[in-house]
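Report on the structure
For reference, the chains in residue letters:
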Amino acid sequence: MNVSQSDFEFMKECLSRDIIAILVEEMGMSLPTAFDLFYNSDTYSKLSDPNTGLFFQSPRYVLSYLLPASSSNR
């Protein structure tokens, strides 16, 4: 990928914010639970690797990897 480290970090954090907001607002999780689920997940580990390209994807697409019930919607 041809983005700077600071651009990658910004995109990753914006995507993380949006995913956590979906978990809280639409799925009814508490904020601490959503943070814990997301930041301790394999999905976040993959998002943190710029070589996966996940930081270019939509929040709902990335969320589909996090939640098993959503995986059939990919």
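Structure's up top.
Residues numbered from 1 in each chain as written. Predicted model: local features only at pLDDT ≥ 70, side-chain atom pairs only at ≥ 80, totals over all residues. Heavy atoms only, no water.

This paragraph deals with helix 1 (residues 5-25). Across its 21 residues, helix 1 extends 30 Å between first and last C-alpha, which sits within 8% of the 30 Å expected from 1.5 Å per residue. Inspection of helix 1 places Phe 8, Lys 12, Cys 14, Leu 15, Ser 16, Ile 19, Ile 20, Ile 22 and Leu 23 among the buried residues, and these make up the whole buried set. (Helix = DSSP H or I, 4+ residues; strand = E, 2+ residues; numbered from the N terminus. Expected span 1.5 Å × (residues − 1). Buried < 20%, exposed > 50% of the residue type's maximum accessible area, 1.4 Å probe, protein only.)

Time to look at the pattern of salt bridges. Here the structure, examined in full by the defined rule, presents 4 salt bridges. Measuring nitrogen to oxygen at the nearest pair gives 2.7 Å for the salt bridge that ties Glu 26 to Arg 60. Here Glu 26 is found in the loop between helix 1 and helix 2 (31-39), whereas its partner Arg 60 is found in helix 4 (residues 59-66), with 34 residues between them in sequence. (Salt bridge = Lys/Arg side-chain N within 4 Å of Asp/Glu carboxyl O.)

Let us look at the side chain of Ser 16. Along the chain, Ser 16 falls in helix 1. Not counting residues within four places of it along the chain, the set of residues in contact with Ser 16 comprises Phe 38, Tyr 39, Tyr 44 and Leu 47. (Contact = heavy atoms within 4.5 Å.)

The next point concerns the packing of helix 1 against helix 4. At a minimum axis distance of 9 Å, the contact between helix 1 and helix 4 shows a crossing angle of 65°. Looking at the two axes, helix 1 sits roughly perpendicular to helix 4. The handedness of the crossing between helix 1 and helix 4 is right-handed. Across the interface between the two elements, Leu 15, Asp 18, Ile 19, Ile 22 and Leu 23 of helix 1 pack against Pro 59, Arg 60, Val 62, Leu 63 and Leu 66 of helix 4. (Axes fitted to C-alpha atoms, helices over the stretch in contact; angles between N-to-C directions. Parallel < 35°, antiparallel > 145°, perpendicular 65-115°, else oblique. Left-handed = near helix turned anticlockwise from the far one by under 90°.)

A few words now on the nonpolar core. Core analysis: the largest hydrophobic core is formed by 16 residues, its most contacted members being Ile 19, Leu 23, Phe 38, Leu 47, Leu 63 and Leu 66. Listed by contribution, the elements that provide at least two residues to this core are helix 1, helix 2, helix 3 (42-47) and helix 4. The leading source of residues in this core is helix 1, at 6 residues. If we skip the residues at most four places from it in the chain, Leu 23 touches Gly 28, Met 29, Ala 34, Leu 37, Phe 38, Leu 63, Leu 66 and Leu 67. (Core = buried A, V, L, I, M, F, W, Y, C linked by side-chain atoms within 4.5 Å.)

Attention now goes to the packing of aromatic side chains. Under the counting rule described, the total for this entry stands at 7 aromatic pairs. Ring centres of Tyr 39 and Tyr 44 lie 4.8 Å apart, and the angle between their planes is 80°; on these two criteria the pair is classed as edge-to-face. By relative accessible area, which is 29% here, Tyr 39 ends up partly exposed. Feature note: the residues Phe 35, Phe 38, Tyr 39 and Tyr 44 constitute an aromatic cluster, connected by ring pairs. (Phe/Tyr/Trp six-rings, centres within 6.5 Å; stacked < 30°, edge-to-face > 60°.)

So, about the packing of helix 1 against helix 2. It is the contact of helix 1 with helix 2, at a shortest axis distance of 9 Å, that shows an interaxial angle of 130°. In terms of orientation, helix 1 and helix 2 fall into the oblique class. Handedness of the helix 1/helix 2 crossing: right-handed. Note on element contacts: helix 2 touches helix 1 through Leu 31, Ala 34, Phe 35, Leu 37, Phe 38 and Tyr 39, opposite Glu 13, Ser 16, Ile 19, Ile 20, Leu 23 and Val 24. Within the contact of helix 1 with helix 2, the residues separate by chemical class into 10 nonpolar, 1 polar and 1 charged. (Nonpolar A, V, L, I, M, F, W, Y, C, P; charged D, E, K, R; others polar.)

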